[in-house]
Protein chains: 2
Amino acid sequence: MGEEISNKQVILNNYVKAYVKESDMSLRTSKIQLKILSGCDDAVLLKNLYLSIDPFILTHMKNEEHFVPPYKLDSPIFGYGVSKVLDSSHPNFKTGELVWGFTCLEEYSLIKDPDTLFKVHDKDLPLSYYTGILGEFLEPIVMIGLFSLNVRLKINVFRVIILGMPGMTAYVGFFEFCSPKKGETVYVSAASGAIGQLVGQFAKNAGCYVVGSAGSKEKSAVALMKVDLLKNKFGFDEAFNYKEEQDYNAALKRYFPDGIDIYFENVGGKMLEAVLSNMRLYGRVAVCGMISQYNIEQHEGVHNLLYVLTKRIRMEGYQANEHYHLYPKYLEMVVPLIKEEKITYVEDIAEGIESVPGAIVGLFSGRNVGKQVVVVARE
Amino acid sequence: MGEEISNKQVILNNYVKAYVKESDMSLRTSKIQLKILSGCDDAVLLKNLYLSIDPFILTHMKNEEHFVPPYKLDSPIFGYGVSKVLDSSHPNFKTGELVWGFTCLEEYSLIKDPDTLFKVHDKDLPLSYYTGILGEFLEPIVMIGLFSLNVRLKINVFRVIILGMPGMTAYVGFFEFCSPKKGETVYVSAASGAIGQLVGQFAKNAGCYVVGSAGSKEKSAVALMKVDLLKNKFGFDEAFNYKEEQDYNAALKRYFPDGIDIYFENVGGKMLEAVLSNMRLYGRVAVCGMISQYNIEQHEGVHNLLYVLTKRIRMEGYQANEHYHLYPKYLEMVVPLIKEEKITYVEDIAEGIESVPGAIVGLFSGRNVGKQVVVVARE
């Protein structure tokens, strides 16, 4: 028998109807033994260090069994994280190793099926990066469940936001779907987020002119900070707060007097319409997300698809996890960039397991600046 | 001096405001000498045999100089045709040769700059085919004019419909942009037109399941005939009259219970919206035209572009003339198919120069069945 210590866990109190509130969750302190019991084979006991706060969490907080397996009420909710192995009865994992992958939002987790845990491959890099720029996740159970369902709009929307792998998503979307050429003009919406910040920097590295937009539900300081980050930290050529623009079309004309070659689409609806009006001949639109359309009843119409024809635009949706084979190539590119500080990756790291509920809620109001992470312990 | 004979010409009486009417044109009989005068170098005198009735003609009938050079009032209007050389002062052309390309809608034409005339390369095929399935046209003056203008929606719309080359348009759109695989499901809108009929047959040859829709402003016999043609002549697996469908979505579900892999887009608007709802994962949309959107003030909104994201759809606009390099490859494929009667190409051939005004008007109400041609003389 190992030492038994307290384990703070984030618990779901009730299923969420529309937007998530902090009161939908609570913190519970339970007990956990720091040793795997004999007879419990192929398990791993983790001390969670960094927890990834991802949009897909919301989908499991809703009671839509036909869609994704809902979290169990009064149980710790699952998610992605970076952890240290405290004990292992699985041949692939040893005590003391660092891993990343599927865990629970709590201080310590006993993982009985560690197939979705991967070893940290480069200890010179910040550990938290494995929740974002370095992570490559697939949630197999959910994926299988979704593919076997009839495709209803709602289901599909969530299927997209279910996977958290900002680095690969930025890389695949920009290089494979946007086919960038030096000197081209690139527009990134939701540019200060986990994905957008990387797209902008990849585009600058590729010799493009890059403009990003960002905003926040709470106007104000957060939006200002995001725009400032885009220009002064990520090196975008220009950036603007879309919440302050009455007319997206006019804003885009201001920043792209000669038009847009590449649009990295995170927003959809009216923004997409304005972009199409400002695209150049042979423009490319990589559709990574359409967040403006996720939580509204009546989806906005796009009235100028004629431009797809007249400007010979290519518009394509994608999911990074379907381009797994590029992961080694991506790491080969991105790891040196990180080490040589040629790329900046901003994380919004909240302190302590207690900050998880607030961080989840903040994600949906644009409160976070950069990739949202919670640090539970540093070692 | 050669013999002087009478020459019936189609004349534009006045510029067209919205839809074209027969009374916008008239027939004039003038005189023409059947010999090129000495001193008139590099000219070709043509006897026009087949005239191509194309949508782009309407664009020149409007007085929108900023957009395309309008026809001169009281002058014969220009277009594409297949002709016989009666006399030539150009080194490339000889009396008696058959040519196709830029001419005027009249019985005889003196072409002073025959750079847009090409020799008929295969006399075993119906001559009229050079206005359609075998033609590969580019209108250089107009193209240059357009590319140097600011891109306004209207301009762009017309830029697309200005080029008449159904065969290459079908080939490039289907094989290059739709990436068809054996067993995939294909939907073609405006399927009985010059382009659609070929796409459907190319798709059948490629081992796909193909459904086409057609219709006509005048419901009735014409629509029935079109649907019948699609199934019984072009070999589409299924066909329907879209004018009889209250709900495009339901119609598509009926014909594609498992969804659409490839959509060859000729229509746009509500039809595109219904198609997106019925597309399968990794669907492809080749945007060849959006005819439902050309002559309306308020363009229809497409509200479900989220599907582009969730189903990873690729949607792309194109113009066949930008893929010239494929023309020899196209001929290599299509000529044997025509000769072995493995492909059917339906033309709506009206008799006599007098039928030109009616044929032009008919094109915009869907009266024609297949590619609209006027035969002026057979040899």
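About the thresholds
Residues numbered from 1 in each chain as written. Chains lettered and ligands numbered in written order. Predicted model: local features only at pLDDT ≥ 70, side-chain atom pairs only at ≥ 80, totals over all residues. Heavy atoms only, no water. Least-squares fit on C-alpha atoms with pLDDT ≥ 70 in both. Contact = heavy atoms within 4.5 Å. Axes fitted to C-alpha atoms, helices over the stretch in contact; angles between N-to-C directions. Helix = DSSP H or I, 4+ residues; strand = E, 2+ residues; numbered from the N terminus. Parallel < 35°, antiparallel > 145°, perpendicular 65-115°, else oblique. Nonpolar A, V, L, I, M, F, W, Y, C, P; charged D, E, K, R; others polar. Patch = residues over 30% accessible without salt bridge, like charges linked within 9 Å, V, L, I, M, F, W, Y side chains within 5 Å. Areas by Shrake-Rupley, 256 points an atom, 1.4 Å probe, with all protein chains shown as cover. Salt bridge = Lys/Arg side-chain N within 4 Å of Asp/Glu carboxyl O. Lys, Arg positive; Asp, Glu negative; His and termini not counted. Charge placed at Lys NZ, Arg CZ, Asp CG, Glu CD. Buried < 20%, exposed > 50% of the residue type's maximum accessible area, 1.4 Å probe, protein only.

The name that an unreviewed UniProt entry assigns to chain A is Enoyl reductase (ER) domain-containing protein, with the source organism given as Salvia splendens.

Another aspect to go through is the relation of the copies chain A and chain B. Rotating chain A by 180° about the axis while translating it 0.0 Å along that axis superimposes it on chain B, leaving an RMSD of 0.1 Å. In the structure described here, the two chain copies are related by an operation that fits a two-fold rotation axis. Rotation axis and chain A: the residue whose C-alpha lies nearest the axis is Gly 301 of chain A, separated from it by 2.2 Å. The residues that chain A uses at the interface reappear at the interface of chain B in 100% of cases, marking a shared surface.

Residues and elements named next belong to chain B. In contact at an axis separation of 11 Å, helix H4 (residues 166–177) and helix H10 (residues 327–339) are set at 95° when each is read in the N-to-C sense. Considering their axes alone, H4 and H10 lie roughly perpendicular with respect to each other. Only Tyr 327, Lys 329, Tyr 330 and Met 333 of H10 make contact with H4, whose side of the interface consists of Gly 167, Met 168, Tyr 171, Phe 175 and Glu 176. Here the contact of H4 with H10 is built from residues that sort into six nonpolar, one polar and two charged.

A cluster of acidic residues, Asp 41, Asp 42, Asp 113 and Asp 115 of chain A, forms a negative patch on the protein surface. In this structure, Asp 115 of chain A sits in the loop between strand E6 (108–111) and strand E7 (117–119).

This next bit is on the pattern of salt bridges. Residues and elements named next belong to chain A. Applying the stated criterion to the full structure yields 34 salt bridges over all chains. With its nearest N and O atoms 3.7 Å apart, the salt bridge here joins Lys 339 to Asp 124. Taken together, the positions of Lys 339 in helix H10 (residues 327–339) and Asp 124 in the loop between E7 and helix H2 (140–147) put the pair 215 residues apart, joining distant regions of the chain. Judged by its relative accessible area of 41%, Lys 339 is partly exposed. You can call Asp 124 exposed: its relative accessible area is 65%. Salt bridges here are not isolated pairs; linked through shared partners, they connect Asp 122, Asp 124 and Lys 339.

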